[in-house]
Structure formats: C-alpha cells, structure tokens
Protein chains: 2
Amino acid sequence: MKKYFDVLRKCKLFDGIEDGDLNKMLTCLGAKVEHFDKKYTVFSEGSPAKHIGIVLSGSVQVIQIDYYGNRNILMEAEPSDMVAEAFACAETEALPVAVVANEPCEVMFINCGHILHTCSNNCGFHQQMIFNLMKNLAVKTIEFHKKLEITSKRSTREKLLAYLSMYAKKTGKKRFRIPFDRQELADYLEVDRSGLSAEISKMKKEEIIDCNKNLFVLM
Amino acid sequence: MKKYFDVLRKCKLFDGIEDGDLNKMLTCLGAKVEHFDKKYTVFSEGSPAKHIGIVLSGSVQVIQIDYYGNRNILMEAEPSDMVAEAFACAETEALPVAVVANEPCEVMFINCGHILHTCSNNCGFHQQMIFNLMKNLAVKTIEFHKKLEITSKRSTREKLLAYLSMYAKKTGKKRFRIPFDRQELADYLEVDRSGLSAEISKMKKEEIIDCNKNLFVLM
DNA sequence: CGCCTTTCGTTGAAAATTCAACATAATATT
DNA sequence: AATATTATGTTGAATTTTCAACGAAAGGCG
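Residues numbered from 1 in each chain as written. Chains lettered and ligands numbered in written order. Predicted model: local features only at pLDDT ≥ 70, side-chain atom pairs only at ≥ 80, totals over all residues. Heavy atoms only, no water.

1. A word on the protein's contact with DNA strand D
Right, so step 1: By nearness alone, 16 residues border DNA strand D, and A:T156, A:D192, A:K213, B:R182 and B:S201 come closest of all.
Right, so step 2: When the atoms of DNA strand D within 4 Å of the protein are sorted by group, sugar and phosphate make up 59%.
Right, so step 3: The separation between a phosphate oxygen of DNA strand D and a polar main-chain atom of A:T156 is 2.6 Å.
Right, so step 4: One of the side-chain N or O atoms of B:R182 is found 2.9 Å from a phosphate oxygen in DNA strand D.
Right, so step 5: For the surface near DNA strand D, the elements supplying multiple residues, two or more each, are helix 8 (193-205) of chain A together with helix 7 (182-189) and helix 8 (193-205) of chain B.
Right, so step 6: In terms of residues, the surface near DNA strand D owes the most to one element, helix 8 of chain B, which gives four residues.
Right, so step 7: Tallied by class, residues from the surface near DNA strand D come to one nonpolar, eight polar and seven charged. (Near = heavy atom within 4 Å. Polar contact = N/O pair within 3.5 Å; in protein donor to acceptor, adjacent residues only side chain to side chain. Helix = DSSP H or I, 4+ residues; strand = E, 2+ residues; numbered from the N terminus. Nonpolar A, V, L, I, M, F, W, Y, C, P; charged D, E, K, R; others polar.)

Have a look at this one:
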C-alpha cells in the first residue's frame, strides 16, 4: 500500500492521521485496491452501498441514467477524492447512482461500517475519521448547491457561463481546461449536445469566450 | 426551553442524547430561539455561516435568487429539520443561500463552532453530535441527489411526474398535499409557472393525475 | 500509413418552453 | 360587505431547445 501514500495523505478522510498510523489503519479497515479500465463500472446502480471509494489514480464519474437513457453527470472525482461515501454513511440499501471509470484508474475500497462502528481493536482513529467524513460531506453538500445553481439556469448560454465562471473562480484563471468533452459537458449542464456546440460557436463569434476543444478562455 | 423538547427530540442533531442532558447542553451551546413572521428572512444570503438553524414550528424555505430575480427553491424545512448546517459545518465564510419563513415560525440557532470544537466544560456530547451531523449531512446529500434527479428531466411533464412519484413514495400514498403553491412548485421544478399550469391541465384531461389546489392524486 | 471509430460542428424542422397579457377565482384587509 | 391583493388558468406569439442527420476532423489501432 505504500505506493499510494502520497495520494492517500491528500484524501480528506485521513486528515489528522499520522503517516505511521496510516498503514496499520488500512489493514484494520480492510482496504482493498482494484484497477478499472476506461468505461468500466466501479459501482453499479442498485448495488449495496457499503463501501467508500477513494480514487487513487485516473478519474471516475458519478452518473445517473434515466428511463430513456439520458445520462446525468453528477460529479467527477480525481485522485484523493471519495465517491459513494454519502450513501455508505447514510447506510442506504442500494446505490441510486453508478460510478464509472473515466480513464484507466485505481480505486481503493473501504467498508464504511468499519469506520462508523468501532472495531474490535478499538483503535482511536474512528472519532477523527467520523469528523473528517462530516467535514467532507458538508463540502460535498455545498458542491451540490453549486451544481444546482448552474443547472437551474434556464438557457444553455446561462448554464455554460455559470459553469465556466465557477471553474474560473475555482482555478483562479481565465484560461483553463475543463474535464469534459462536449457530450459530457452537455450531460453535466443537462442540455442537448448539438445545441451546446451551436451556442459555443455563437459565443465565440460574439467574443464572449474562446475555446479550443476542452480549453476555454473567458473574456 | 422545555416547551420545545418534543420537537428537539425528533431533531437528528440530538439523536442518542438523554432528555435529562438536553437542557444542560442547550445552555452549553448557547442556543437561542427567535420568531419570524411569514416572508421574513431567517438567514440572508451573504451573511456569515456560523449558526445552524433548527425549525421548531412553522416552516422555512432555502432559496437562491439569481441575477434576474429567478427564485430557485432548494428545499423546504419543517419542525425538527436543520437548515444551513452544511455551510456552518464546512466553516464557509458566507451563506450562498437565503432562508425565509414560509409561514410564521420559530427557529433555534446554535453556533456550530460550539459543537465542532470541544467546549471548556469538556462535556461528552460533542462526539455524539458530530456523528449525528455526519449522518444528517449524508442524508441531505442524498436528498440533493433526488432533487437533481427531478430537475435533470428535460420536460415539464417529466419533472412534475418525477416529483409527484417521489412524493408518493415518501408518503406511501397516491393522494397527498404538496407543500408548494403553483409558483413555488414551478420554482422548485425550475420551469415556467404558466407552462406548469397548462401542463397540469393537460395531464388532468389525459387522466394521468388529478389535482385540486395543492392536493394531488396519482392515477 | 490507412482504416475505423469517436468526437465535433452545422443545419433545418419539429416540439417545447418562456413570456406577456388577461380573466377569473380565492383570499385578505379594512 | 366591499375592496384590494394574490393565486391560478388560459391563450398566442416569440424564442429556445431538442432531435435527426450529415460531413469533417481527430484520435486510436493494426
């Protein structure tokens, strides 16, 4: 597990945990690592929500698919990010979302019950980890607020601008690469792909934005 | 504070806390109660996010208002529900949402810092409350997933059906009263009010639903 | 290098949503 | 009880979005 330590140290779940204790904890928690190729399913919709996933390399997407196959991208998770932790923490029966590999990736699985309910060794990390989970869930709730703020806009243009502005604010730059291709961006914004492409073209002509593939510039 | 105990016992923040301890805790936490008339502001957007609100009576709405005055209703909170706790727990600087009284109501305010950081009396409730907050935030994250699932639908009809189905599932009934008037429902679903009214009429004619004011029947 | 697959931009037609305006019903106020 | 205010339903026009279809560009792979 040593080779994952650099990533794990950045994971909010392990805030305030000493390096020396990390290895012991991972054993205690029964952590397991799996590799997934692009497009493979990390968690499938409807499966039991017992495990937290921690992205170690690559990236994954949390998605919902409705009746008619419309995909809604809820979030993208990168190395050190957690996925499915809300469902595991709430001890939900079945996952209402799916998690898929966005590129080849490695994910660590931890049985959430082992965190929430004190283990037989009675090791003292549980309180710290519960605190960390609480903090993390608070931040995640706020991120959902932001997504709702973006998708509640009524037009494609407003949604795109809200998304790009948020991204610019987050990175502190006017020029940035977004983690989505066109179809994925459309699914995230909940609009039609071709309509989005058309709108981007218009906004380029109006010199509101510039864009080349997934590199965007706000002007 | 005694008169609020029935409500407070149902509040998830106090799960696992003995009745006898509750009063002592509220003092330790510096809890305060305020009354608000309908439409008055409980938390204003941009204000510091230090306090958790617990609805004691009546109801409040968590809303966002954009540039052009479009209101987005994020959630409705009823007695024993918490509001703004995600922002307080994340120790956000300023609230990105507003909370307004939906009807005359009473709200209890608790400084979240007093929960997260052990008090001078070093009383033992903090761990339990942090655990409770974590659980509550997990559930709230899931509720946002549900709202996203509803509003990500592309048409007014699909949004309405998704909302009503969810409500029917939650209450276990086909016949129920929703907590919104037409304009509020439109704002929650993120659609135009008149378009929503028209769609409801159509669906009545098609005998998919029946509806009288805010009483809906799924058929 | 050439083939195959996927992504992307464009277009026009069909469908849906928004918007403004108005009439009516319901509720609150004096 | 009369009046004012608010909520709701209806309509048609303007605007947008969606949908399907296509060609060009880009990227992956043998």
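2. Regarding the side chain of A:K153
Right, so step 1: Looking at where A:K153 falls in the secondary structure, it is placed in the loop between helix 5 (125-151) and helix 6 (156-171).
Right, so step 2: Salt bridges are absent for the buried A:K153, whose nearest opposite-charge side chain, B:D66, sits at 4.2 Å.
Right, so step 3: Setting aside chain neighbours within four positions, we find A:K153 in contact with A:E158, A:K159, A:A162 and B:D66. (Buried < 20%, exposed > 50% of the residue type's maximum accessible area, 1.4 Å probe, protein only. Lys, Arg positive; Asp, Glu negative; His and termini not counted. Salt bridge = Lys/Arg side-chain N within 4 Å of Asp/Glu carboxyl O. Contact = heavy atoms within 4.5 Å.)

3. Things to note about the domain arrangement of chain A
Quite often, the size of an interface is put as the accessible area lost when its parts meet.
All names here are of chain A.
Right, so step 1: As far as domains go, chain A holds domain 1 (2-144) and domain 2 (153-218).
Right, so step 2: The C-alpha-based centres of domain 1 and domain 2 are spaced at 29 Å.
Right, so step 3: With seven residues of domain 1 in contact, the opposing surface of domain 2 contributes seven residues.
Right, so step 4: Roughly 620 Å² of surface becomes buried between domain 1 and domain 2 when both sides are summed, with 42% attributable to carbon and sulfur atoms. (Domains from an automatic or database assignment. Buried area = accessible area lost by both parts, 1.4 Å probe.)

4. Topic: helix 8 of chain A
Residue and element names in this part refer to chain A.
Right, so step 1: An ideal rise of 1.5 Å per residue puts 18 Å on 13 residues; helix 8 measures up with 19 Å between its terminal C-alpha atoms.
Right, so step 2: Considered for burial, the residues of helix 8 that qualify are L196, E199, I200 and M203. The buried residues of helix 8 occupy one face: seen down the axis, they fall within an arc of 105 degrees.
Right, so step 3: Tucked inside the fold, the buried residues of helix 8 contact helix 6, helix 7 (182-189), strand 10 (209-212) and strand 11 (215-218).
Right, so step 4: Positive backbone phi, approximately 55 degrees, marks E207, located one or two places after helix 8. (Expected span 1.5 Å × (residues − 1). Arc of directions from axis to C-beta.)

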